[in-house]
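In case you want the letters, here they are:
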Amino acid sequence: MKIIDILKDHRMSLSFEVFPPKKESGFESVKEATEKIASYRPSFMSVTYGAGGGTSRYTLDIARNIKEVFGVPTLAHLTCVSSSRETVREQIRLMREADIKNVMALRGDLTPELEKTDRAKWDYQYAVQLIRELKECDSDFCIGAACYPEIHPESPNQKEDILHIREKVEAGADFLTTQMVFDNDLFFNFMYKLREAGVNVPVIPGIMPITNANQVERAIKLSGSFMPQRFKSLVDYFGKEPDTMKQAGIAYATAQIIDLYANGITNVHVYSMNKPDVAKAIKDNLSAILGKDFDR
Ligand code: FAD
């Protein structure tokens, strides 16, 4: 099933993101965790991709397993930043062979090593080129792309960032998923600007449940996302008690999702980080809201 058909359906959707193992030794435990998450029947699951190709094989293995064993539609991520055209084309061939129809097309982060190299020599500078490549290989791919309610860190300003998002949509991106947001007002404001700029595809807000205090610093560093004071207070108050912090983080993410649904945002993506208990708790919290029509 194509993700765009799920997003355009008027029913609410809830999707989960998982990541593949870095090494073969971690494969079984990640497979088990992702299978548990799939058994909670999210609308779809996305599987991230290690830029540089470190975990590329496992992205497809995990995505295919979820799709074939649980019938949950999957979205396989693919990055292009340090890859040759040949490598990307091979990945696309493998996706088609695995019957993966949904691809999240990303540039990938610039590592300090990459920053030192000559960008002009790269086969791909930006995600938009990967989107064009995917479309050229198979016009039937359903393609997602990333967007940043608080501006991509390398962008000089939001106007320019949004113009590049629009380029991705014009190149063939069917939908967008946001970087994690902890304050829904930032998302609503961003939506207004996207629509004003003529970006009219579905946009899925990305929600990251923070379930331990140590995650906070890492999440801010990785995403640059703004942490509202009410969230910081929660971490200050509950952070030292792991079990309590976990429940508080789940409650915060649930409240954020309810607010999004209540304001007409029908699709929400949860960065579930291979944590079945967190995915289950959020899905259970929302089950009465999602209703019996939720399972497709
Ligand atoms: P791009 O769209 O190429 O944008 C990167 C920067 O370049 C932006 O500042 C943009 O404004 C600018 N830009 C774009 N086009 C042009 C142009 N033509 N001229 C000048 N400037 C331009 N990383 C992974 O490694 N693996 C993953 O699986 C993964 N999944 C992700 C999922 C989501 C939902 C999100 C939000 C991010 C994900 N990332 C992942 C991280 C992502 O790779 C980084 O954020 C990366 O820095 C940017 O990727 P992008 O696809 O948004 O890049």
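The text that follows walks through the structure, step by step, so that each part is easy to find. Just so we're clear, the structure is a prediction, and the values are computed from it rather than from any experiment.

**Digging into the packing of aromatic side chains**
A complete count under the given rule lists five aromatic pairs for this structure. Over the ring of tyrosine 124 we find arginine 85, and its NZ or CZ is 5.1 Å from the ring centre.

**Some remarks on the site of the ligand**
Residues in close proximity to the ligand total 25 residues, the closest being Tyr49, Asp109, Tyr148, Asp161 and Lys168. Between alanine 127 and the ligand, the recorded distance is 2.8 Å, taken from a backbone N or O atom to an oxygen atom. Between lysine 168 and the ligand, the recorded distance is 2.7 Å, taken from a side-chain N or O atom to an oxygen atom. Within the residue set of the shell around the ligand, elements represented by two or more residues are strand S3 (74–79), strand S4 (102–106), helix H7 (158–171) and strand S6 (175–180).

**Concerning the environment of valine 235**
Structurally, valine 235 can be placed in helix H10 (residues 229–238). By relative accessible area, which is 14% here, valine 235 ends up buried. C-alpha of valine 235 to C-alpha of valine 181: the two residues are 54 residues apart in sequence and 16 Å apart in space.

**Describing unusual backbone geometry**
Of note, the phi angle at isoleucine 151 is positive, near 75°, even though the residue is not glycine. Within the secondary structure, isoleucine 151 sits in the loop between strand S5 (142–147) and H7. Even without a glycine there, the phi angle at methionine 273 is positive, about 50°. With respect to the helices, strands and loops of the structure, methionine 273 is situated in the loop between strand S8 (267–271) and helix H12 (276–290).

**Observations concerning helix H3 (residues 56–70)**
Across its 15 residues, H3 extends 21 Å between first and last C-alpha, which sits within 8% of the 21 Å expected from 1.5 Å per residue. Of the residues making up H3, those classed as buried are Ser56, Tyr58, Thr59, Leu60, Ile62, Ala63, Asn65 and Ile66. Lining the buried residues of H3 we find strand S1 (13–18), helix H2 (27–39), strand S2 (45–47), S3 and helix H4 (85–97). Positive phi appears at glycine 71, one or two residues downstream of H3, with a value of about 65°.

Thresholds applied
- Residues numbered from 1 in each chain as written.
- Predicted model: local features only at pLDDT ≥ 70, side-chain atom pairs only at ≥ 80, totals over all residues.
- Heavy atoms only, no water.
- Phe/Tyr/Trp six-rings, centres within 6.5 Å; stacked < 30°, edge-to-face > 60°.
- Lys NZ or Arg CZ within 6 Å of the ring centre and 35° of its normal.
- Near = heavy atom within 4 Å.
- Polar contact = N/O pair within 3.5 Å; in protein donor to acceptor, adjacent residues only side chain to side chain.
- Helix = DSSP H or I, 4+ residues; strand = E, 2+ residues; numbered from the N terminus.
- Buried < 20%, exposed > 50% of the residue type's maximum accessible area, 1.4 Å probe, protein only.
- Expected span 1.5 Å × (residues − 1).
- Contact = heavy atoms within 4.5 Å.

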